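A structural walkthrough
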Amino acid sequence: MYKSGMMHLLFLLAVALSCHGCPDRCLCSSQTVKCQNQDLDEIPQSLPNNTKILFVTGNNISRISVDSFPTGLKLLTDLYLSGNEMESVGAMVFDNMPNLVRLDLSNNKIETFSERAIPDDNKLQVLNLSRSFHSHSSMDVILSVLQHGNLSMLKVLDLSNNDLVILPDDIFTSLFNLINLSLQNSSIISIQNGTLKVPPLRDLDLRDNSLRYMPTTTLAEFSLKPSLHIWLAGNPWRCDCFVEEMLLWLKNSTQVVDMQNLTCADPEALRRQPLLQVESSQLKCVGDMEGVLETSYVFLGLVLALIGVIFLLVLYLNRKGIKRWMYNIRDACRDHMEGYHYRYEINSDPRLANLSINSDV
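Starting afresh in each chain, residues are numbered from 1 along the sequence in its written order. Predicted model: local features are reported for residues with pLDDT of at least 70 only, side-chain atom pairs are reported and counted for 80 or more only, and whole-chain, interface and lining totals are derived from all residues. By convention in this description, side-chain values take in all heavy atoms of the structure and omit both hydrogens and water.

Okay, the overall build of the protein next. Counting from the N terminus, the helices are DSSP H or I runs at least four residues long and the strands are E runs at least two residues long. Broken down by element type, the protein carries seven helices and 17 strands. By the burial criterion, 36% of the 361 residues in the protein qualify as buried. By definition in these notes, contact holds between two residues if any of their heavy atoms fall within 4.5 Å. Considering only contacts in the protein between residues 6 or more positions apart, those separated by 24 or more positions represent 60%. In short, Shrake-Rupley with a 1.4 Å probe defines the accessible areas, and a residue's cover is counted only from the protein chains shown. For the protein, the accessible area works out to roughly 21400 Å², and carbon and sulfur atoms hold 57% of it. Residue burial is assigned from relative accessible area. The probe radius is 1.4 Å, only protein chains are included, and a residue is buried under 20% of its type maximum, exposed over 50%, and partly exposed in between.

Below, the structure written as structure tokens:
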């Protein structure tokens, strides 16, 4: 009895020591530590060793480095660092978190993200980078993280509300287990061939971007993933001949969850009309080609007119030389014609002809 009581006391003491020293301006409850909206400029030190979930959100932490987490947090699975105005994520910053599964870096201003920030043997499955990159130049940073960050176990990736514009075709090639991808409201104008070919996606959010067409090759890639669910509403679809393949795909596919909410943005005659109600006869492909030809004819006419003006200008600037040249030609022609006229007179008068023959003899 005494021995079991001592063991129980030692266990309580160990728990107390592991939870000892809850950082200032933080709340510690069980294995969760919350340091939220406290105007912190760095990660709190002396975090409890048994911390499993850590919230350090809504502060002013501009950068994190290997010194931000100096002690081992082997039980930590969830780390939330959103809303810190963070600009830099340094090398080896997450090395002391071998069991990290969920990482939230959303709502920051990340400009640099080290390729070595996440360890090679990481277990990361959920990565939230929403609202963290605010310029198109940040695409190189994102590409580097996703390609060289050893994220082969990643299943959920949130890149929504970023200024991505165009996705490189090899951005997701190393994410072999990615099943949930959010690209909502990221100003995407096009999806390159092969961009979404590798990940075994089940959920893809492309809402509220700037997509006007969906390439045939991309539609074919979607069709190869029959369990994929896609969200496409909020894009400015242009309903002309280039969208015809997409219309056929929509009417024969069940992958688009919100297909009833897809509407035309152009042309004016079809604005706000649901895509599923658009017929091929309404796409006005021939009319578009006529417009292109008409524009080409106008351009050709302008070019010819410009050439004519230049030619007339050259003639005007060289008018004196041209006039002399014409006079010389006229005098040469006159001398030549007088020679012919003289020979004609000789040949027509017998006396002159005999004289001409005697003189020749």
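It is worth spelling out the UniProt feature "domain: LRRNT" (unreviewed entry) in the protein at this point. UniProt positions are given in the numbering used here, feature names are shortened, and annotations may be inferred rather than shown by experiment. Here, the residues flagged by UniProt with the feature "domain: LRRNT" (unreviewed entry) are residues 21-53. Between the C-alpha atoms that bound residues 21-53 there is a distance of 16 Å. The span itself is 0% helix and 21% strand.

Only centres within 6.5 Å qualify two rings of Phe, Tyr or Trp (six-membered ring in Trp) as a pair; their planes then separate them into stacked at under 30 degrees, edge-to-face at over 60, and tilted for everything else. Applying the stated criterion to the full structure yields three aromatic pairs. Summarising the aromatic geometry, the rings of F55 and Y80 are spaced 4.5 Å apart at their centres and angled 5° between planes, so their arrangement reads as stacked. Of this pair, F55 sits in strand β3 (residues 53-55) while Y80 sits in strand β5 (residues 78-80), and the two are 25 residues apart along the sequence. With a relative accessible area of 22%, Y80 lands in the partly exposed category. Both rings, one in F222 and one in W249, keep their centres 6.0 Å apart while their planes meet at 35°; by these two values the pair is tilted. With F222 in helix α3 (residues 216-223) and W249 in helix α4 (residues 244-251), the pair connects residues that are 27 residues apart, well separated along the chain. Since its relative accessible area comes to 1%, F222 is described here as buried.

What follows is about the nonpolar core. Among buried residues, the Ala, Val, Leu, Ile, Met, Phe, Trp, Tyr and Cys ones that are joined through side-chain atoms within 4.5 Å form a nonpolar core. L79, F94, L157, F172, L204 and M246 are the most contacted members of the largest nonpolar core, which has 78 residues in total. When residues in this core are grouped by element, the largest group, six residues, is from helix α2 (residues 139-148). Beyond its immediate chain neighbours, meaning those up to four positions away, M246 contacts M214, L219, L232, W237, L262 and L275.

Our focus in this paragraph is the packing of α3 against α4. Angular values range over 0 to 180 degrees, each being the angle between N-to-C directions of two axes fitted as lines to C-alpha atoms, with helices fitted over their stretch in contact. Two numbers describe how α3 lies on α4: the axes approach to 10 Å, and their chain directions differ by 15°. The angle between α3 and α4 places the two elements in the roughly parallel class. For α3 against α4, the interelement crossing comes out left-handed. Residues T216, L219, F222 and S223 of α3 pack against E245, M246 and W249 of α4. When residues are grouped by polarity, Ala, Val, Leu, Ile, Met, Phe, Trp, Tyr, Cys and Pro land in nonpolar, Asp, Glu, Lys and Arg in charged, and all others, Gly among them, in polar. For the contact of α3 with α4, the class distribution of residues is four nonpolar, two polar and one charged. Angle categories: roughly parallel below 35 degrees, roughly antiparallel above 145, roughly perpendicular from 65 to 115, and oblique for all the rest. The sense of a crossing depends on the near helix, which, turned anticlockwise from the far helix by less than a right angle, makes the crossing left-handed and, turned clockwise, makes it right-handed.

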